[in-house]
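Survey of secondary and tertiary structure
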Amino acid sequence: MEKNYIIAGFGGQGVLFAGKIIANAFMVAGKNVTWYPCYGAEMRGGTVNCEIVVSDDEVSSVHKQGVDCVIALNQLSFDRFISKVNKGGTIICNSSLIEEAKPRADINYIFAPMTDKAIEFGNHKLANMVSLGVLSETEKELNLAILEKAVDMVLPEERKHLLKSNVQAIELGTSKQSSLV
């Protein structure tokens, strides 16, 4: 079975970093994965997204017509990618920066104040990690232990001291730690 994901936001939100964690987490879970980044020339402040394709078999291709799950960290990303969500798919929205609207009746919506939770935690830059906790509530393979391993794999050696705070921020996005989902 193949599943397609997009995580999108603006430059500086850690979109590509979070996408790498998602890809590595699924690899830890024994899946075949591709990760495909896409960003504008302006980087910080411009739009950034990445696609992750996960499969039990070989991954057929990236850049799919439709996706099963979108994580939108800002309004522009919500507006841009909502039409790509497959019927029955899910869009996970950072309600700190996205208006809670449901323009389509054929998809599932999860609104969670990711940036607000990250700010309460002490670092607005961790909203991307909070989003991974929310995603883990919809994807059984992405439990906290697997996500922690993936974060450890992706963090460069000089940033390993940030592992604990990243994992704590992921926990904030789970129903076990908050009422986000």
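Above this text is the structure in question.
Rules and cut-offs
Residues numbered from 1 in each chain as written. Predicted model: local features only at pLDDT ≥ 70, side-chain atom pairs only at ≥ 80, totals over all residues. Heavy atoms only, no water. Helix = DSSP H or I, 4+ residues; strand = E, 2+ residues; numbered from the N terminus. Buried < 20%, exposed > 50% of the residue type's maximum accessible area, 1.4 Å probe, protein only. Contact = heavy atoms within 4.5 Å. Lys, Arg positive; Asp, Glu negative; His and termini not counted. Charge placed at Lys NZ, Arg CZ, Asp CG, Glu CD. Core = buried A, V, L, I, M, F, W, Y, C linked by side-chain atoms within 4.5 Å. Pairing = 2+ DSSP bridges. Axes fitted to C-alpha atoms, helices over the stretch in contact; angles between N-to-C directions. Salt bridge = Lys/Arg side-chain N within 4 Å of Asp/Glu carboxyl O. Phe/Tyr/Trp six-rings, centres within 6.5 Å; stacked < 30°, edge-to-face > 60°.

Looking only at helices and strands, the chain has six helices and six strands in total. The linear arrangement of helices and strands in the chain, starting from the amino end, is β-α-β-β-β-α-β-β-α-α-α-α. Counting only C-alpha atoms, the chain reaches 40 × 35 × 35 Å along its principal axes. Taken across its 181 residues, the chain has 50% of its residues classed as buried. Taking the intrachain contacts of the chain between residues at least 6 apart in sequence as the baseline, contacts between residues at least 24 apart amount to 55%. When the 18 basic and 21 acidic side-chain charges of the chain are each reduced to a single mean position, those positions are 1 Å apart.

Within the largest apolar cluster, 41 residues are counted, with the highest numbers of intra-cluster contacts made by Ile7, Ile21, Ile52, Ile92, Met114, Met129 and Leu135. Excluding residues within four positions of it along the chain, isoleucine 7 makes contact with Val15, Ala18, Gly19, Val48, Asn49, Cys50, Ile52, Ile71, Leu73 and Ser131. Core analysis: the next-biggest nonpolar cluster, separate from the first, contains 15 residues, Val70, Phe81, Val85 and Ile91 among them.

Taken in spatial order, the six strands of this open sheet run 2-3-1-4-5-6, and their pairing is mixed. With partners counted over all chains shown, the strands left at the sheet margins are strand 2 (32-39) and strand 6 (108-112), one partner each. Geometrically, the sheet is characterised by an average inter-axis angle of 15° between neighbouring strands, direction not taken into account. Sheet contacts for helix 1 (residues 15-28): strand 1 (2-10), strand 2, strand 3 (47-55) and strand 4 (67-72); angle to strand 3, the most-contacted strand, approximately 5°.

Attention now goes to the pattern of salt bridges. Taken as a whole and assessed by the stated rule, the structure comprises six salt bridges. In this structure, aspartate 56 and lysine 31 form a salt bridge, with 2.5 Å as the shortest nitrogen-oxygen distance. Linking aspartate 56 in the loop between strand 3 and strand 4 with lysine 31 in the loop between helix 1 and strand 2, this pair joins segments that are 25 residues apart in sequence. Classification of aspartate 56 by relative accessible area gives partly exposed; the value is 42%. Linking aspartate 152 and lysine 160 is a salt bridge whose minimum nitrogen-to-oxygen distance equals 3.1 Å. Beyond isolated ion pairs, a larger network of salt bridges with shared partners links Lys31, Asp56 and Glu141.

Examined against the element boundaries, leucine 73 turns out to sit in the loop between strand 4 and helix 2 (75-81). C-alpha separation for the pair leucine 73 and serine 96, spaced 23 residues apart in sequence, amounts to 8.7 Å. Once residues lying within four places of it in the same chain are set aside, the contact partners of leucine 73 are Ile7, Ala8, Gly9, Gln13, Val15, Asn94, Leu97, Ile98, Met114, Asn128 and Ser131.

What follows concerns the packing of aromatic side chains. Between two aromatic rings, the relevant description is the distance of the centres plus the angle of the planes. Under the counting rule described, the total for this entry stands at two aromatic pairs. Ring geometry for tyrosine 5 and phenylalanine 26: centres 5.4 Å apart, planes at 35°, overall tilted. With tyrosine 5 in strand 1 and phenylalanine 26 in helix 1, this residue pair connects regions lying 21 residues apart in the sequence. Summarising the burial analysis for this pair, tyrosine 5 and phenylalanine 26 share the class buried.

In this structure, glutamate 51 sits in strand 3. Salt bridges are absent for the buried glutamate 51, whose nearest opposite-charge side chain, lysine 84, sits at 4.5 Å. Sequence-distant contacts of glutamate 51, that is, excluding residues within four places in its chain, are made with Tyr5, Ile6, Thr34, Trp35, Tyr36, Val62, His63, Lys64 and Lys84.

In this structure, leucine 135 sits in helix 4 (residues 127-138). Here leucine 135 falls in the buried class, since its relative accessible area comes to 0%. Measuring from C-alpha to C-alpha, the distance between leucine 135 and isoleucine 6 comes to 12 Å, with 129 residues separating the pair along the chain. When residues no more than four places from it in sequence are discounted, the contact partners of leucine 135 are Tyr5, Ile22, Cys69, Ile71, Ile92 and Leu142.

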